[in-house]
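Examining the three-dimensional arrangement
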Amino acid sequence: MAYAATRGRLRPIAGIIDSFGIPVRTVSRDCEILGEAYGKTIVRENGKITILISDRLPIEEQRLTLAHEFAHLLLGHLLPRECYRVPGKQAEFEAETLGFILYNFLYGTNGGRKNSI
Ligand SMILES: [Zn+2]
């Protein structure tokens with residue numbers, strides 16, 4: 001598995017997530033952890049969180065996927081099941097909606113300029 005630290009091109013969303021102490025890493029699309037997903041949030045038993053994003057996506061898709069994964073965290077979807085439980089389809093709808101709002105707020109409706117920071 002190839003990890004890479006995110007570069008400035010994913011900012012400001014990566015910077016916001018980083019300010020919460022959550023690292024964002026790009027990984028190769030064939031990374032087993034991602035499976036069929038474009039991004040994934042990993043919560044370890046010790047509570048440490050890492051967000052993984054496929055490096056094969058266009059930059060706009062990486063940003064949108066990152067906003068989606070961050071939305072899952074903000075909405076409490078990754079809390080232990082005994083603390084909070086939302087059906088899978090509802091959680092995806094909520095994360096997609098909030099992620100899209102975040103993305104548009106940060107980058108504008110056209111997704112911002114390519115490779116801008
Ligand atoms: Zn999701």
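Here is a short report on the structure shown in this document. Fair warning: this is a prediction, and the values are worked out from it, not measured in the lab. (Residues numbered from 1 in each chain as written. Predicted model: local features only at pLDDT ≥ 70, side-chain atom pairs only at ≥ 80, totals over all residues. Heavy atoms only, no water.)

1. A few points about a nonpolar patch on the surface
On the surface, a cluster of nonpolar side chains totalling about 280 Å² of accessible area is made up of Ile16, Phe20 and Leu74. Checked against the element boundaries, isoleucine 16 lands in helix α1 (residues 13-19). Among the residues examined, isoleucine 16 registers a relative accessible area of 31% and is labelled partly exposed. (Patch = residues over 30% accessible without salt bridge, like charges linked within 9 Å, V, L, I, M, F, W, Y side chains within 5 Å. Areas by Shrake-Rupley, 256 points an atom, 1.4 Å probe, with all protein chains shown as cover. Salt bridge = Lys/Arg side-chain N within 4 Å of Asp/Glu carboxyl O. Helix = DSSP H or I, 4+ residues; strand = E, 2+ residues; numbered from the N terminus. Buried < 20%, exposed > 50% of the residue type's maximum accessible area, 1.4 Å probe, protein only.)

2. Describing helix α3 (residues 88-107)
Between its terminal C-alpha atoms α3 stretches 28 Å, which fits the 28 Å expected from 20 residues at 1.5 Å a residue. Looking at α3, one finds that the buried residues are Ala91, Ala95, Gly99, Leu102, Tyr103, Asn104 and Tyr107. Among the residues trailing α3, glycine 108 stands out with phi positive, at a value near 85°. (Expected span 1.5 Å × (residues − 1).)

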